[in-house]
Every structure is written in C-alpha cells, then in structure tokens.
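Given next are the chains, with one letter for each unit.
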Amino acid sequence: MNPWIPSAAFSVAVMISGFGPQTEKADQPILKDAFGTHFLIGGALNDDVVAGKDPDAALLVQNQFNTITPENVMKWALIHPEPARYDFDASDRLVAFGRKNTMVVIGHTLVWHNQTPGWVFEDGNGKPLDRETLLERMRDHIHTIVGRYKGTVQGWDVVNEALDEDGSLRQAPWMKIIGEDYIARAFQFAHEADPEAELYYNDFSLENEPKRNGALALVRKLQSQKIRITGVGLQGHYKMDWPSPMQVQTTIEAFAGLGMKVMITELDMDVLPDPTGHQGADLSIRAERREELDPYTGELPDSLQFALAERYAELFRVFVGQSDKLSRVTFWGVYDKTSWLNNWPVRGRTNHPLLFDRNYRPKPAFLAVIKTGTREK
Ligand code: 9MR
C-alpha cells in the first residue's frame, strides 16, 4: 500500500490549501522538515513498527519523524517482569531503530503506578515492602535501565503521572511506602546513572490550573533541593473542546518560567463521544461500549476531518509561537488503527486521533499541521 495515495478528503484539503497534488514522493510534505527550526517532532512506537511487522508504519516514521518514544516496551512490567529478570529485546530493538535512523530516542517511563507488577511493592511473603527495600529496588531498576542506554537515550520520563487532578500527590504505592521523596530519589538515581541525560516529569491535564499548580510546586521543590530535573512533559491527550489554546500557552509559559524545557509528549485528539467527562488519560476511568459511543466506524465524515484539521492547526499555532520554549512534540502513536484511543475509555471503538488514517494516508489534519510549521512566523 502506498500511504501517499491520499484520501478523498485530503485531496479536497490540498486543493483548498493551494498545495500541489502529492504525486511525486519528492514533493511530499514532511513534518520533520516543516518544524525543523522549531522543535523535534515524533511518535510513540510499539514493537510491531520496530520489529518489521508493520513496515508501512515504519516507513512513515522514517520519512516524517526525528524522535521516537517507546509506547510500552520500556515500562516496568515489560522490561523488568520478574525480580531477577530484565528483558531488553524489544527496548534494544527500539533504541537501535532510532540510532539507525538518527532519531532522538526518549525513554518512557521509569517510575509509574501503572504497568508495574505487584511484586515490586511486596516482600517474598506478599506483604507490603518496607521503604528502604523499595528504594533499593527502585535504584536497581533505574540504574540498570538508564545505565544500559547511557549516551543513546537522550532523555527520560523519570516519574510519570504522580499527581491527582486537584494537584495533590497521587496515593500510588510508591507514595504510600516511600513517602513523597520517592520523586526526588527517582530523579537522583537517574542522574547518577547517566549524568548527561535529560530528566523529565511527565503528566496529563497539566493545562488545568489546580493540577498545573501542583506540578509547578513539585518542580520548585526539586529545584530547591538541588535535584536535577530538566523538563516537563505535557502529555497532550486532548479533546476537540479541551484544552483551549490559551490554556496550552499559559501552561508552556508557566513551566518555561521555572527554567524547564517543555515538551508535548503524547499528543492525540479524541474525536469520539465522551461518556466520562474526564480530561486526561487516567486508565482506571472506563465506560461500557454502547452503539452511540462509536459513530464513525467507517471513514470519519468530511465535516469532522476538517474540524480535526482546524483543531490541530490551532494547537500547532501555539506550539510554533512558543517554540523558543518547546523542544519536542511527540504524537502518541503513528496512525489511527493502532492508537490506544480505540480501546480507552471504551474498549473496541474506532477512533481517529492522529494525522494518518487506518490506511497510513495523511488526513487533512496532516496538511493543516504542516502549514503551521512552514509559514512565516
Ligand atoms: O498507549 C499505551 C497503551 O498501549 C498501554 O496499554 C497503556 C498501559 O501501559 O499505556 C498507554 O500509554 C500511556 C502512557 O504510557 C502514559 N500516559 C498515558 C498513556 C495512554 O494511556
């Protein structure tokens, strides 16, 4: 399949925009060129893309992106499934893919409450672990992984989603057993393992003020303790009507004001009806599938394609305007078919959240995004 045979809606978008028809490969617009002077642009990859099982997706990544993040393979449950066993096959493949294609490789994620096996928090008898032993376990995990990819993974999501929506610290097992300094210790261990690596705090819905204030306080506290933290990732699991461009701009400015590099780390746009009202990506929030929650099982209607294009464009206009503060924009996936949003918060729907459709074809949103990068500032 040639992904550059565009959809009908894309052809209309091309005509409207004044771009020529994309017949020649050499004429294809390229995201990493459009944003070359602004920020890195990339995607989250699953092992299929890297291991040769989804070659069309791999081609898109090679043509369009200059940075990659593992969507899953570096999570604790996959890379360190048993106390004395690490499994680096898939993560090594991903890092090698990035190196071969001269891409910036980001590590995701070292300390999180999801995808962490139960044994991590228990002793041999299934009883909750004590603080010192859990800290030692965390140190071993971080030193082993960050040490292995020292010099090849440029930056790490050291702590992921440590905050609740009101800005207070989430009562995750890490927090309950170690206490709130688990965050500082995680950053410390990562810095010891690779003193050159960039170290990030990564979370969703930081565009909402209460949670943003919690994250700002967290960054200030780490800075006052002289803990190395270099950046903050705004995940960017967005909806058509949330957050506003102004909320995004304010958030980027607030973290940059503390000297943080700011990144959009998991960008996608949920276009389906929302049965939960949740603004973010909390995996514990779920809803049952009902027919009316899954209205676009075929092609996305043109009206929505264009609304999606305009929505992406309004956000990218902010990103480009803030590009002195923004170092990277990473999509959470490559193309619609394999997006996690097909299965969350409702399992088994047909979502359309990315720039490339189920057949790897660029959507009108792709062109709309390209235009925000190539036009004069
Ligand atoms: O997209 C990921 C999905 O395939 C996994 O099943 C899920 C659980 O590990 O994690 C998803 O990625 C999450 C990311 O790691 C952290 N922020 C929220 C993302 C979407 O849930």
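Position numbers for residues start from 1 in each chain and track the written sequence from start to end. Since the coordinates come from a predicted model, pLDDT governs what is reported: local features require at least 70, and pairs of side-chain atoms require 80 or more to be given and counted, while whole-chain, interface and lining totals use all residues. Water and hydrogen atoms were dropped before computing side-chain values, which therefore reflect all heavy atoms in the structure.

Draft legend 1. View of the overall build of the protein chain. Starting at the N terminus, helices and strands are each numbered in turn, a helix being any DSSP run of H or I of at least four residues and a strand any DSSP run of E of at least two. Regarding its fold elements, the protein chain presents 13 helices and 9 strands. Taking 2.2 N^0.38 as the reference for a compact globule, 377 residues should give roughly 21 Å; the C-alpha atoms of the protein chain span a radius of gyration of 20 Å, in line with that estimate. In terms of overall dimensions, the protein chain has a C-alpha envelope of 65 × 45 × 40 Å along the principal axes. Two residues form a contact once any of their heavy atoms are found within 4.5 Å. Long-range pairs, those at least 24 residues apart, make up 80% of the contacts in the protein chain between residues at least 6 apart in sequence. Only carbon and sulfur atoms are counted for the fraction: they give 50% of the accessible area of the protein chain, which is about 15100 Å². Charge counting treats Lys and Arg as positive and Asp and Glu as negative, with His and both chain ends excluded. Each charge is placed at NZ for Lys, CZ for Arg, CG for Asp and CD for Glu. Between the mean site of the 41 positive side-chain charges and the mean site of the 51 negative ones, the protein chain shows a separation of 2 Å. Here the radius of gyration uses the C-alpha set of atoms, whereas the globule reference equals 2.2 Å times the residue count to the power 0.38. Computed with a 1.4 Å probe, the accessible areas rest on the Shrake-Rupley method; for each residue, only the protein chains presented here act as cover.

Draft legend 2. Structural context of the site of the ligand. Any residue with a heavy atom positioned within 4 Å of a molecule or strand is treated as near that molecule or strand. By nearness alone, 15 residues border the ligand, and E71, K75, H108, Q115 and E266 come closest of all. In this structure, E161 approaches the ligand through a side-chain N or O atom, which is 2.8 Å from a nitrogen atom. For the purposes of these results, a polar contact is taken to be a pair of N or O atoms within 3.5 Å, where, inside protein, one atom must be able to donate a hydrogen and its partner to accept one; residues adjacent in sequence count only when each atom of the pair is a side-chain atom. A distance of 2.9 Å separates an oxygen atom of the ligand from a polar side-chain atom of W332. Bound to the protein, the ligand loses 86% of the 460 Å² it would expose on its own. Gly falls in the polar group here, along with every residue not listed as nonpolar (Ala, Val, Leu, Ile, Met, Phe, Trp, Tyr, Cys, Pro) or charged (Asp, Glu, Lys, Arg). Among the residues forming the shell around the ligand, the class breakdown is 5 nonpolar, 6 polar and 4 charged.

Draft legend 3. Inspection of the pairing of strand β6 (residues 231-234) at higher detail. The buried label applies to any residue whose accessible area, calculated with a 1.4 Å probe on protein chains only, is under 20% of its type's maximum; exposed applies above 50%, and partly exposed to all values in between. Of the two faces of β6, the one carrying G231 and G233 and the one carrying V232 and L234 are both buried. Paired strands, as defined in this entry, are two strands with at least two bridges between them according to DSSP. As paired elements, strand β5 (residues 198-203) and β6 share 4 bridges and run parallel to each other. Residue pairing for β6: Y201 is matched across the bridge by V232. Pairing geometry for β6 and strand β8 (residues 261-270), over 4 bridges, is parallel. Across the sheet, residue V232 finds its bridge partner in β8, namely V262.

Draft legend 4. Geometry of the nonpolar core. By nonpolar core is meant a set of buried Ala, Val, Leu, Ile, Met, Phe, Trp, Tyr and Cys residues that side-chain atoms within 4.5 Å join together. Residues W156, F316 and F319 are the most contacted members of the largest nonpolar core, which totals 106 residues. In terms of residue count, helix α12 (residues 302-321) provides more of this core than any other element does, 10 residues in total. Excluding anything up to four places from it in sequence, F316 contacts F35, F39, I41, L267, V329, F331, V369 and T372. Grouped together as the second largest cluster of nonpolar side chains are 7 residues, A44, F204, W332 and W344 included.

Draft legend 5. Quick look at the packing of helix α7 (residues 131-148) against helix α9 (residues 182-193). Axis angles are defined between N-to-C directions and span 0 to 180 degrees, where every axis is a line fitted to C-alpha atoms and, for a helix, only to the segment in contact. Orientation of α7 relative to α9, taken along the N-to-C sense of each, is 35 degrees, at an axis distance of 9 Å. When the axes of α7 and α9 are compared, the crossing they make is right-handed. Listed contacts from α9 to R131, L135, M138, R139, I142, H143, V146 and G147 of α7 are Y182, R185, A186, F189, A190, E192 and A193. In the contact of α7 with α9, the residues fall into 9 nonpolar, 2 polar and 4 charged. Rotating anticlockwise by less than a right angle from the far helix to the near helix defines a left-handed crossing, while the corresponding clockwise rotation defines a right-handed one.

Draft legend 6. Representation of the packing of aromatic side chains. Side-chain rings of Phe, Tyr and Trp (the six-membered ring for Trp) are treated as a pair once their centres are within 6.5 Å; stacked means planes under 30 degrees apart, edge-to-face means over 60, and tilted covers the remaining angles. Per the stated rule, a full pass over the model turns up 17 aromatic pairs. With a centroid separation of 5.5 Å and an interplanar angle of 5 degrees, the aromatic rings of Y86 and F88 are classed as stacked. Ring centres of Y335 and Y360 lie 4.3 Å apart, and the angle between their planes is 20 degrees; on these two criteria the pair is classed as stacked. Separated by 25 residues along the polypeptide, Y335 in the loop between β9 (326-331) and α13 (364-374) and Y360 in the loop between β9 and α13 bring together distant segments of the chain. With relative accessibility at 3%, the residue Y335 sits in the buried group. One aromatic cluster is present, formed by F35, F39, F65, Y312, F316, F319 and F331 through successive ring pairs. Think of it as a cone above the ring: NZ of Lys or CZ of Arg counts as a charge over the ring if it is within 6 Å of the ring centre and within 35 degrees of the ring normal. The ring of F88 has R148 lying over it, and the distance from NZ or CZ to the ring centre is 3.9 Å. Lying across the ring of F204, K211 places its NZ or CZ 3.8 Å from the centre.

Draft legend 7. The side chain of E71, seen in detail. You can see E71 is positioned in the loop between β2 (67-70) and α5 (76-79). Of note is the side chain of E71, whose polar atom sits 3.0 Å from the side chain of N46. Every residue in contact with E71, bar those within four places of it in the chain, is listed here: A44, L45, N46, H108, W332 and W340.

Draft legend 8. Fine view of helix α10 (residues 209-224). Across its 16 residues, α10 extends 22 Å between first and last C-alpha, which sits within 8% of the 22 Å expected from 1.5 Å per residue. Those residues of α10 not exposed but buried are K211, R212, G214, A215, L216, L218, V219 and L222. Looking at the buried residues of α10, the elements they touch are α9, β5, β6 and α11 (245-256). Directly after α10, the chain includes K226, whose backbone phi takes a positive value near 60 degrees. Given the number of residues in a helix, its expected span is that number minus one, multiplied by 1.5 Å.

Draft legend 9. Quick look at the environment of E310. The residue E310 is located in helix α12 in this model. Sequence separation between E310 and I370 is 60 residues; the distance between their C-alpha atoms is 12 Å. Separated by 2.8 Å, the side chains of E310 and R317 make a polar contact.

Draft legend 10. Spatial organisation of the confidence of the model for the protein chain. The pLDDT value expresses, per residue, how confident the predictor is, ranging between 0 and 100. Here the protein chain averages 94 in pLDDT, and 92% of its residues register 70 or above. Low pLDDT, under 50, characterises residues 18-24; the stretch is placed with 11 contacts to residues that sit more than four places away or in other chains.

Draft legend 11. Here's a closer look at the pattern of salt bridges. Any Lys or Arg side-chain nitrogen found within 4 Å of a carboxyl oxygen on Asp or Glu counts as a salt bridge. A complete count under the given rule lists 21 salt bridges for this structure. In this structure, D294 and R289 form a salt bridge, with 2.6 Å as the shortest nitrogen-oxygen distance. Note on D294: relative accessible area 6%, which makes it buried. The partly exposed category is assigned to R289, whose relative accessible area is 37%. Counted as one network, the salt bridges with shared partners bring together R131, E132 and D181.

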